[in-house]
Amino acid sequence: MAETCTRKLIVEVCNAKNLMPKDGQGTASAFATVDFDGQRRRTKTKFRDLNPEWDEKLEFLVHDTESMATEILEISLYNDKKTGKRSTFLGKVKIAGSAFVKSGGETLVYYQLEKRSVFSQIKGELGLKVYYIDEDPPAPPAEQKPEAKAPETEENKPAQEAKPEEEKKEEEKKKEEPKTESNKEVKKEEEKPSPPPPPQEENPKKAEEAAPPVKVENPPLADSEKKPSKEEKEKAEIVKRSEVTINDIELRSLASDRSRSAYDLVDRMPFLYVRVVKAKAAKNESKSPVYAKLVIGTHSIKTKSQSDKDWDKVFAFDKEGLNSTSLEVSVWTEEKKENEEATQECSLGTVSFDLQEVPKRVPPDSPLAPQWYTLESESSAGNEVMLAVWIGTQADEAFQEAWQSDSGGLLPETRAKVYLSPKLWYLRLTVIQTQDLHLGSGSEAKVRNPELYVKAQLGAQLFKTGRTSFGSASSSSANPTWNEDLVFVAAEPFEPFLTVTVEDVTTGQSVGHAKIHVASLERRTDERTEIKSRWFNLAGGETKPYTGRIHVRVCLEGGYHVLDEAAHVTSDVRAAAKQLAKAPIGLLEVGIRGATDLLPVKTMDGTRGTTDAYVVAKYGPKWVRTRTILDRFNPRWNEQYTWDVYDPCTVLTIGVFDNGRYKRDEAAGKQDKDVTVGKIRIRLSTLDTNRVYLNQYALTVLLPSGAKKMGEIEIAVRFSCSSWLSLIQAYTSPMLPRMHYVKPLGPTQQDILRHTAMRLVTTRLTRSEPPMGQEVVQFMLDTDTHMWSMRRSKANWFRVVGCLTRVAILARWIEGIRTWVHPPTTVLMHVLLVAIVLCPHLVLPAIFMYAFLILAFRFRYRQRFVLNMDSRLTYVDMVGLDELDEEFDGFPTTRSHDVVRIRYDRLRALAGRAQTLLGDFAAHGERLEALWNWRDPRATGIFVVFCLVASLVFYVVPFKMFALGIGFYYLRHPRFRDDMPSVPISFFRRLPSFADQIL
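Nothing here was measured: the structure is a model prediction, and the numbers come from that model. (Residues numbered from 1 in each chain as written. Predicted model: local features only at pLDDT ≥ 70, side-chain atom pairs only at ≥ 80, totals over all residues. Heavy atoms only, no water.)

Q: Describe the overall build of the chain, naming the residues involved and giving the relevant values.
A: A count of helices and strands for the chain gives 23 helices and 41 strands. Here the chain, with 999 residues, has 40% of them falling under the buried criterion. The contacts of the chain with a sequence gap of at least 6 include a subset with a gap of at least 24, amounting to 70%. Only carbon and sulfur atoms are counted for the fraction: they give 56% of the accessible area of the chain, which is about 56300 Å². (Helix = DSSP H or I, 4+ residues; strand = E, 2+ residues; numbered from the N terminus. Buried < 20%, exposed > 50% of the residue type's maximum accessible area, 1.4 Å probe, protein only. Contact = heavy atoms within 4.5 Å. Areas by Shrake-Rupley, 256 points an atom, 1.4 Å probe, with all protein chains shown as cover.)

Q: Run through the UniProt feature "transmembrane region" (unreviewed entry) in the chain, naming residues and quoting values.
A: The positions that UniProt labels "transmembrane region" (unreviewed entry) are, in the present scheme, residues 827-857 and 942-971. Across residues 827-857, helical content stands at 87% and strand content at 0%; the span's end C-alpha atoms are separated by 26 Å. Taken end to end, residues 942-971 comprises 90% helix and 0% strand; its first and last C-alpha atoms sit 27 Å apart. (UniProt positions renumbered as here; feature names shortened; annotations may be inferred.)

Q: So what about a nonpolar patch on the surface? Which residues, and what values?
A: On the surface, Val945, Val949, Val953, Phe954, Tyr955, Val956, Val957, Phe959, Met961, Phe962 and Ile966 cluster together into a nonpolar patch covering about 1100 Å² of accessible area. Elements with a contribution of two residues or more to the nonpolar patch: helix H21 (937-956) and helix H22 (959-970). The element best represented in the nonpolar patch is H21, accounting for 6 residues. Positionally, Val953 belongs in helix H21. (Patch = residues over 30% accessible without salt bridge, like charges linked within 9 Å, V, L, I, M, F, W, Y side chains within 5 Å. Salt bridge = Lys/Arg side-chain N within 4 Å of Asp/Glu carboxyl O.)

Q: A description of the pattern of salt bridges should follow, citing residues and the corresponding values.
A: Within this structure, the stated rule accounts for 44 salt bridges. Residue Glu384 pairs with Lys280 through a salt bridge whose shortest N-O separation is 3.2 Å. With a gap of 104 residues between them, Glu384 in strand S17 (residues 384-392) and Lys280 in strand S10 (residues 271-280) connect regions that are remote in the sequence. The salt bridge involving Arg523 is made with Glu492; its shortest N-O contact spans 3.8 Å. Of this pair, Arg523 sits in strand S27 (residues 523-524) while Glu492 sits in the loop between strand S24 (481-491) and strand S25 (497-504), and the two are 31 residues apart along the sequence. On the basis of relative accessibility, which here comes to 35%, the residue Arg523 falls in the partly exposed class. With relative accessibility at 25%, the residue Glu492 sits in the partly exposed group. Via salt bridges that share partners, Glu125, Asp526, Glu527, Arg528 and Arg738 belong to a single interconnected network.

Q: So what's going on with the sheet that holds strand S3 (residues 39-42)? Which residues, and what values?
A: Spatially, 4 strands are ordered S3-S2-S5-S6 in an open sheet, and the strand pairing comes out antiparallel. If you trace the sheet from one side to the other, it starts and ends with S3 and strand S6 (88-96), each paired once. Within this sheet the neighbouring strands show an average axis-to-axis angle of 20°, counted without direction. Here 4 bridges tie strand S2 (residues 30-36) to S3, and the two strands are oriented antiparallel to one another. (Pairing = 2+ DSSP bridges. Axes fitted to C-alpha atoms, helices over the stretch in contact; angles between N-to-C directions.)

Q: Outline the packing of helix H16 (residues 823-838) against H22, listing residues and values.
A: The N-to-C vectors of H16 and H22 enclose an angle of 160°; their axes lie 10 Å apart at closest approach. Taken together, the axes of H16 and H22 lie roughly antiparallel to each other. The interaxial crossing formed by H16 with H22 has right-handed handedness. For the pair H16 and H22, the contacting residues are His830, Leu833, Val834, Val837 and Leu838 in the first and Lys960, Ala963, Leu964, Gly967 and Phe968 in the second. Across the contact of H16 with H22, the residue classes break down as 7 nonpolar, 2 polar and 1 charged. (Parallel < 35°, antiparallel > 145°, perpendicular 65-115°, else oblique. Left-handed = near helix turned anticlockwise from the far one by under 90°. Nonpolar A, V, L, I, M, F, W, Y, C, P; charged D, E, K, R; others polar.)

Q: Can you lay out the packing of aromatic side chains for me, pointing to particular residues and giving the numbers?
A: Between two aromatic rings, the relevant description is the distance of the centres plus the angle of the planes. All chains considered together, the criterion is met by 16 aromatic pairs. Ring geometry for Phe657 and Phe779: centres 5.7 Å apart, planes at 85°, overall edge-to-face. In this pair, Phe657 is assigned in strand S36 (residues 651-658) and Phe779 in helix H14 (residues 774-781), connecting sequence segments 122 residues apart. For Phe657, a relative accessible area of 0% translates into the label buried. (Phe/Tyr/Trp six-rings, centres within 6.5 Å; stacked < 30°, edge-to-face > 60°.)

Q: Kindly report on the nonpolar core, identifying the contributing residues and their values.
A: One recurring pattern in soluble globular proteins: nonpolar side chains tend to sit buried together. Core analysis: the largest hydrophobic core is formed by 38 residues, its most contacted members being Leu588, Val590, Trp643, Leu652, Ile654, Ile713 and Ile715. Every element with two or more residues in this core is listed here: strand S30 (586-596), strand S33 (613-619), strand S35 (636-645), S36, strand S39 (675-683), strand S40 (692-703), strand S41 (706-721) and helix H11 (724-732). With 6 residues, the single largest contributor to this core is S41. When residues no more than four places from it in sequence are discounted, the contact partners of Leu652 are Leu588, Val590, Lys618, Tyr619, Ile680, Arg681, Ile682 and Leu684. (Core = buried A, V, L, I, M, F, W, Y, C linked by side-chain atoms within 4.5 Å.)

Q: Describe the side chain of Gln39, with residues and values.
A: In this fold, Gln39 is placed in strand S3. A polar atom in the side chain of Gln39 sits 2.6 Å from the backbone oxygen of Leu61. (Polar contact = N/O pair within 3.5 Å; in protein donor to acceptor, adjacent residues only side chain to side chain.)

Q: Tell me about the sheet that holds S35, and name the residues and values.
A: The 4 strands are arranged S35-S30-S41-S40 in an open sheet whose pairing can be described as antiparallel. Edge strands, defined here as strands with exactly one partner in the open sheet, are S35 and S40. Across the sheet, the axes of successive neighbouring strands diverge by a mean angle of 25°, strand direction being ignored. Taken together, the 10 bridges between S30 and S41 define a ladder with antiparallel strand orientation. Opposite Leu588, over in S41, you have Phe719 as the bridge partner. Packing of helix H19 (residues 881-888) onto the sheet brings it into contact with S40 and S41, and relative to S40 it is tilted by some 100°.

Q: Which residues make up the packing of helix H13 (residues 747-766) against H14, and what values do they have?
A: Between H13 and H14, the least distance of the axes is 9 Å, while the angle of their chain directions is 145°. The handedness of the crossing between H13 and H14 comes out as right-handed. Here Met758, Val761, Thr762, Leu765 and Thr766 of H13 come into contact with H14, specifically with Gln774, Val777, Gln778 and Leu781. When its residues are assigned to classes, the contact of H13 with H14 shows 5 nonpolar, 4 polar and no charged.

Q: Lay out the confidence of the model for the chain in plain terms, naming residues and giving numbers.
A: Scored by pLDDT, the chain comes out at a mean of 80, with 83% of its residues at no less than 70. Across residues 141-261, confidence stays below pLDDT 50; counting only partners more than four residues off in sequence or on other chains, it has 107 contacts. Across residues 472-476 the pLDDT falls below 50, and counting only partners more than four positions away or on other chains, this stretch makes 2 contacts in the model. (pLDDT = per-residue confidence, 0-100.)

Q: If you had to explain H13 to someone new, which residues and values would you point to?
A: Taking 1.5 Å per residue, 20 residues should reach 28 Å; H13 reaches 29 Å between its end C-alpha atoms and fits that length. Within the span of H13, buried status applies to Gln750, Leu753, Arg754, His755, Thr756, Ala757, Met758, Val761, Thr762, Arg764 and Leu765. (Expected span 1.5 Å × (residues − 1).)

Q: I'd like a description of the pairing of S36, backed by residues and values.
A: When you tally the buried positions in S36, you get 8 out of 8 residues, the bulk of the element. Burial along S36 is two-sided: Val651, Thr653, Gly655 and Phe657 facing one way and Leu652, Ile654, Val656 and Asp658 facing the other are all buried. Of the strand pairs in this sheet, S33 and S36 are connected by 6 bridges, and their pairing is antiparallel. Counterpart to Val615 in the pairing with S36 is Val656.

Q: With reference to specific residues and values, describe unusual backbone geometry.
A: A cis amide bond links Glu492 with the next residue in sequence, Pro493, at an omega value of -10°. Note on placement: Pro493 falls in the loop between S24 and S25. Of the consecutive residues Glu769 and Pro770, the connecting peptide bond is found in the cis state with omega at -5°. With respect to the secondary-structure elements, Pro770 resides in the loop between H13 and H14. Despite not being glycine, Asp37 shows a phi value in the positive range, around 55°. One can find Asp37 in the loop between S2 and S3. Residues other than glycine seldom take positive phi values, yet Asn483 does so here, at roughly 55°.

Set out below in structure tokens:
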């Protein structure tokens, strides 16, 4: 029996920075405890140091390599209790098992220390290197081979397990004794005493099964007796699995919920499954192609013709759509006679099944084993077919590989698939300088003083630096210097090379180029890592092998999240580097149940309309596509999918499309494009946790003729979260990774990179098999949000007006109080004004208490359903056909000159209003500036005198009396008011601005 390799997790605790003082003397004596898979290790204590350096390497045994990705590594920092009253918590770091890298790819990563509770006072960073190594078990000695391969029985057990009971007890006592004082401290702090016998009685078998390599690595008996404590220590660490933290238990239970709650958001659909494995003919002389045919009433599907008679295909028939109670499976051969081009089909026999006697299978039952069935035939006998027939649901494991009858049978374009977006990185190229450039003849280069720039290309991406002059060898510009950053988007698997070219602007010719291997570039996770600069030789071609050299700094930025969708509908904010990955905070489950009242989008046979609908759901890098249900206006998919959630403030996007790609025009070599039916979005932050939302959403599509409702889709959504603390902490953390804030990209650069990433994702998904259409990916990613649209402009304007409406309502309410529209309210405001002036310390408590009461009262009236696309908010019904046609027009435009002129004039009219609004806003600011700059000497002189008088008055009059006087004056009765503008307003409007100086 082949031995499996031993996997060990290595955690290098390097250092910590800027820790919180906890010993009462402005310092801290920190030590770290590391927990993984029930095992615990501890570092040494660094006394009185807020920036301790341990540089200790801790090893952990990985008991189950397959489930390592679901494990959580937790590192906690404590202040040593010997230097204080108690062991004080300094912070913790949690790293998901999916972030572990193999040995050789590890880098030093600084993690922000997390709080244990909301009220913890924690700060600082912890530097770690986390990786794993796989060690092959050493081959046992020759005389021990039979014993190592023999199965374990009661007579054949390892020698260390056959020891007397007294020796075992002595070893257990030695194992429980701490080796150092630090172990005593950790046990007193973190472990509660529990009776050892129960866990030892529960887990000995599990411990033996979880660590078989430990037994294989044991040397012969004489050596194993020398090291009994190590073996017993490893077993004791395995027994400690029951002491995992609460968060580990929650995450494991969350992972187990995936299988337990599968397909609980959708209706169970009965399917008739038929697995056709192979056929066996009695006379096997001919090598003619053979195929199997399945017939149930009017439903028929056949396999592909193969010469080896081995298909191993699974077919699923929607049981509710069957119109017969019997299944017929027949096997046919295609024989081609001599001197004839046409083939002749010959039946090898048929076998029938009564559907009422077909067994039912419900997971987790084992799959039904295929059996040989004799084919009944009049012409030949002894032919057999191997198949299995059973009735199950979409929860059956065979459903994903089955060819569904409602999807057209053997059509790859109609099957359900899961796609993954490529992993994206930012590639940063810093062009420093060039040296020893050869620009033709020396005299020519001196005369024309050329200008140079550097051009870098990665795939289809091309960026250039600015221009710089190249002088003579004696001048300071003999070595042109740029020090400019060029940022690209790189998708795994990477393009082979990054090409860097130095070009001459005056001649337009290349001076030389260099190729940089992308896969071998250094990867950076934070700004503290210094990337070494490198020199590359420039080559001008075969005739010029050396034309100079260029000095660059290039790396892959793993600390950023590469945005590949519109910022307002982003579904993933994780950093590109695997080392910075965090554990998921929840689970998103989506049940795509069905659609109703879909409108026809194409015609079948030129007579009647039809729709072949499927659904695409995207969240994070995972895309799912349901199976296509052909020719139905009320399709029922009843498929359920799950996603890990890392941030609650993200958006799930679901789109419905009509499949046009499964119909190929073989003669023209073309495929029809998929047609958009509609789209919905669900923001996870608007969902209550652990609650199922089952709703029907309208599918509206925007056409050049206007908005059109295409039907409704029924979706069930559940956002499960096991830890409220993790969910609340997510709201307090930055939205994007740290590099976006410490070394931000410019808005224009970020927009260019976003659209570049969208194009890369679109290209990769369209190259999948079966491909996801380009129009589908672009519609899901909203790649056209940056294009001009009169409708979107109006919608955004009215959104601003809607926000300002609340301010206008408040202003009208205050004006009603001021004008005594409701006298009791105005009298009450006088009393409130007196209370505020006399007791100003109660202002903030009163404001926040009022906000608390209002929000608490509105809680019962909160929305209890998920919002969908709002046609009223998007103003699809309030725009003209010409404005919609302008929105669907490409860039550059393809419309006639007259149409473009009309649209340009309309845009000029709107821009003129915006121009006037901006001018008025600027004039108000310039009037304030003119008051302080003596542009109007008389106005500024009046203001100076006013300031002098005001200072003397406020020196004599208490501020409370002044506030009361101003308040009462503002709330005076209308009979004491004047309809003319007040003195301050008239004075301000007379101040000069720069509007009269504009041409």
